[in-house]
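Letter by letter, the chains look like this.
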Amino acid sequence: MTITLKPHSTVLFTGDSITDLWRPEGEDRCAYPALVAGEWCFHHPGRPITWRNTAHAGNTVPDLEARWRTDVLATRPDLVSILVGVNDNGRHTFHPHVPEVSADEFAAGYDRLLAPLAATGTQLILIEPFLIPVHGDVEAGIHRAGEAEEVIIGDDVRQAWRTGLDPKIRAVRELAHEYGAALLAADRMFAELSATAGAEHWSEDGVHPTPAGHGALAQAWLDLVA
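Because the structure is predicted, anything quoted here is derived from the model rather than measured. (Residues numbered from 1 in each chain as written. Predicted model: local features only at pLDDT ≥ 70, side-chain atom pairs only at ≥ 80, totals over all residues. Heavy atoms only, no water.)

(A) Region of the structure containing the pattern of salt bridges. All told, the structure shown has six salt bridges when counted by the stated rule. Arg67 is the partner of Asp71 in a salt bridge, and the nearest nitrogen-oxygen pair spans 2.8 Å. Separated by four residues within a single helix, Asp71 and Arg67 lie in helix 3 (residues 61-71), roughly one turn from each other. A salt bridge links Arg162 to Asp166, with the shortest nitrogen-to-oxygen separation between them at 2.7 Å. Note that Arg162 and Asp166 are positioned in helix 6 (residues 155-179) at a spacing of four residues, about one turn of the helix. Using a relative accessible area of 27% as the deciding quantity, one classes Asp166 as partly exposed. Taken together, the salt bridges that share partners define one network made up of Arg162, Asp166 and Asp187. (Salt bridge = Lys/Arg side-chain N within 4 Å of Asp/Glu carboxyl O. Helix = DSSP H or I, 4+ residues; strand = E, 2+ residues; numbered from the N terminus. Buried < 20%, exposed > 50% of the residue type's maximum accessible area, 1.4 Å probe, protein only.)

(B) Here's a closer look at helix 2 (residues 32-43). An ideal rise of 1.5 Å per residue puts 16 Å on twelve residues; helix 2 measures up with 16 Å between its terminal C-alpha atoms. Those residues of helix 2 that are buried lie in contact with strand 1 (10-15), helix 1 (17-20), strand 2 (50-53), strand 3 (79-83), strand 4 (123-127) and helix 8 (211-222). (Expected span 1.5 Å × (residues − 1). Contact = heavy atoms within 4.5 Å.)

(C) Fine view of the environment of Arg112. Here Arg112 shows up in helix 5 (residues 103-119). As for Arg112 and Ala171, which are separated by 59 residues in sequence, their C-alpha atoms are 13 Å apart. Within the local environment of Arg112, its side chain forms a polar contact with the side chain of Glu65, the two groups lying 2.8 Å apart. (Polar contact = N/O pair within 3.5 Å; in protein donor to acceptor, adjacent residues only side chain to side chain.)

(D) Structural detail: the packing of helix 4 (residues 86-94) against helix 6. Two elements in contact, helix 4 and helix 6, have axes whose closest approach is 9 Å; the angle formed by their N-to-C orientations is 150°. Our classification of the angle between helix 4 and helix 6 gives roughly antiparallel. Two packed elements cross with a definite hand, and for helix 4 against helix 6 that hand is right-handed. Seen from helix 4, the contacting residues are Asp88, Asn89, Gly90, Thr93 and Phe94; seen from helix 6, they are Val157, Trp161, Gly164, Leu165 and Lys168. Taken together, the residues of the contact of helix 4 with helix 6 break down into four nonpolar, four polar and two charged. (Axes fitted to C-alpha atoms, helices over the stretch in contact; angles between N-to-C directions. Parallel < 35°, antiparallel > 145°, perpendicular 65-115°, else oblique. Left-handed = near helix turned anticlockwise from the far one by under 90°. Nonpolar A, V, L, I, M, F, W, Y, C, P; charged D, E, K, R; others polar.)

So this is what it looks like as structure tokens:
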């Protein structure tokens, strides 16, 4: 489906570090929401849009729920774009005392985010959480409450992440169908891109995109709107 953005619409991006743009200290990188806004403004000067980004690094679906009314609903956006799930899936790797989140729990919480938006006719873009298939031991991190935590992630951990993430991706696809939302199939996209250019071109740690990865997300997002 294609979403038409009317002049003076408000577009709100929300989610976790990928949308909030977590990056290594001192590294300059543009997140996909900024790239989207720049491309839109360049190609559609006659249709100005108000762009908002309320993503917080480290967030999960319950974190979004806790601030949904003030950070999202209260702004009365015309379109909400959501990318969340990687922390719901892998936070226990960094914090072993935190229980794993089942696909059913993830889907139920996500549904609670979407229901009030659907009730007001807000347009929706749901972005699949993704895991880019890098290989070998890499340093990965979670950024929360202003502090970054780094651990070495190997292929065995990523395989466990993949096992947990696949049903959550299916949940996002099902919710997109249920709510008539546009779906950005990011996990599938990055799998296909990695088969040609190599996974490391799109992400160094398999989670946070490189500038090229953010560019790919931005282009795929723009392909959903007109």
